[in-house]
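Below, each chain spelled out in residue letters.
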Amino acid sequence: MPSPAPATMELLRDVPTYELDVDGEFVTPTGAAILTTVASFETRPAMTIAGIGYGAGSSDFPFPNVLRVLIGDSVKREGGEQHPDDVVQLETNIDDMNPQLYEHVIERLFASGALDVWTQAVTMKKGRPGVVLCALSAPERAEAIAEVILAETTSIGVRSWSARRVTLPRRVTTIATALGPVRVKIVEGPAGKRARAEYDDVRGIAQREGKPLGEVMERVEREVAELLDEE
């Protein structure tokens, strides 16, 4: 049986994860179910700490098997933003890599914990066409993201700097459409809720049913809109 177990991996869909070389089960299905139901996966907000608790596990790992929980009141940071996410932006310029490798590199970056990855076409020295490869990362994963870039591309250096972002509350739910279950991301903004069906799920339905992707996408989006109206 692989670790994490198949049930655990299913529960961790759409949740940021990273790999630890641990001889044992580090996340159980029960733990994954609890976390994905009640937790938001983001850096700790600015807060006034009122209580600190520790709990020790019974398994032996190469590091302390201890969980720390903080309870407190959120506060505004300098600049007035409420609950901003602190992130690190990393980027590098590349002009000598096989373009076919970018798909693999992007997959590796997401697997290593990148929050977002994108590329920009640029003109580099001597008029060479090039690409700026960019990634957003939580501060604690920035070093791992940089290592992936240096290992998987022809880059010899990565630039990085801290940034601050303000995010909207969002959640992922699965709805039963006439064509089958589809994961939907629901975002709550100042103008109200908006939702978007998971592209991979919609594409899977189109392939399974032998229907045009655009037709399936339009039909699913109508059902998603009806769901929002009912909430």
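Refer to the structure printed above.
First, a word on scope: everything that follows refers to the structure included in this document. The structure displayed is predicted, hence computed values, not measured ones.

Cut-offs applied
Residues numbered from 1 in each chain as written. Predicted model: local features only at pLDDT ≥ 70, side-chain atom pairs only at ≥ 80, totals over all residues. Heavy atoms only, no water. Helix = DSSP H or I, 4+ residues; strand = E, 2+ residues; numbered from the N terminus. Buried < 20%, exposed > 50% of the residue type's maximum accessible area, 1.4 Å probe, protein only. Contact = heavy atoms within 4.5 Å. Areas by Shrake-Rupley, 256 points an atom, 1.4 Å probe, with all protein chains shown as cover. Lys, Arg positive; Asp, Glu negative; His and termini not counted. Charge placed at Lys NZ, Arg CZ, Asp CG, Glu CD. Salt bridge = Lys/Arg side-chain N within 4 Å of Asp/Glu carboxyl O. Core = buried A, V, L, I, M, F, W, Y, C linked by side-chain atoms within 4.5 Å. Pairing = 2+ DSSP bridges. Axes fitted to C-alpha atoms, helices over the stretch in contact; angles between N-to-C directions.

Turning our eyes to something else, we now look at the overall build of the protein chain. When helices and strands are counted, the protein chain shows six helices and nine strands. Burial analysis of the protein chain (231 residues in total) assigns 27% to the buried set. Long-range contacts, defined here as pairs at least 24 residues apart, represent 51% of the contacts in the protein chain between residues at least 6 apart. Here the protein chain has roughly 15400 Å² of accessible surface; of this, 51% comes from carbon and sulfur atoms. Charge-centre separation for the protein chain: the mean point of 25 positive side chains lies 5 Å from the mean point of 36 negative side chains.

When the charged atoms of two side chains with opposite charge come close together, those side chains can pair. With the rule as written, the count across this model stands at 11 salt bridges. Where Asp 201 meets Arg 183, a salt bridge forms, and the shortest distance between an N and an O atom there is 2.9 Å. Of the two residues, Asp 201 sits in helix 5 (residues 199-209) while Arg 183 sits in strand 8 (residues 180-189), which places them 18 residues apart along the sequence. There is no split in this pair, since Asp 201 and Arg 183 are both buried. The residue Asp 200 makes a salt bridge to Arg 203 at a minimum N-O spacing of 3.5 Å. Highlighted residues: Asp 200 and Arg 203, both in helix 5, separated by three residues, approximately one helical turn. Assessed through its relative accessible area of 36%, Arg 203 is described here as partly exposed. Each member of the salt-bridge network shares a partner with another, and the members are Asp 14, Arg 183 and Asp 201.

Take the side chain of Arg 183 next. A residue is classified by how much of its surface remains accessible, and Arg 183, at 13% relative accessible area, is buried. Sequence-distant contacts of Arg 183, that is, excluding residues within four places in its chain, are made with Arg 13, Asp 14, Val 172, Thr 173, Thr 174, Arg 196, Ala 197, Glu 198 and Asp 201.

In terms of nonpolar packing, the biggest core is built from 16 residues, with Leu 109, Val 117, Leu 133 and Ile 145 touching the most fellow members. Secondary-structure elements contributing two or more residues to this core are strand 3 (85-94), helix 3 (102-111), strand 5 (129-137) and helix 4 (142-152). If you tally residues by element for this core, the top one is helix 4, at five residues. Beyond its immediate sequence surroundings of up to four residues, Leu 109 is in contact with Ala 114, Val 117, Leu 133, Ile 145, Val 148 and Ile 149.

In this structure, the amide linkage connecting Ser 3 to the following residue, Pro 4, adopts the cis form with an omega of 0°. By the secondary structure assignment, Pro 4 is in the segment before helix 1 (6-11). Positive phi, close to 65°, is recorded for Asp 14, a residue that is not glycine. The partly exposed category is assigned to Asp 14, whose relative accessible area is 43%.

Now for the sheet that holds strand 5. Here we have four strands laid out as an open sheet, ordered 4-5-3-6, and antiparallel in their pairing. The outermost strands of the open sheet, each flanked by one partner alone, are strand 4 (116-123) and strand 6 (159-165). When strand polarity is set aside, the average angle formed by the axes of neighbouring strands in this sheet is 25°. Two strands pair when backbone bridges link them, and strand 3 and strand 6 are joined in this way by seven bridges, in the antiparallel orientation. Across the sheet, the residue bridging to Leu 90 is Ser 160, located in strand 6. With respect to the sheet, helix 3 is in contact with strand 3, strand 4 and strand 5, its orientation differing from that of strand 4 by roughly 145°. Sitting on the sheet, helix 4 is in contact with strand 3 and strand 5, with an inclination near 15° to strand 3.

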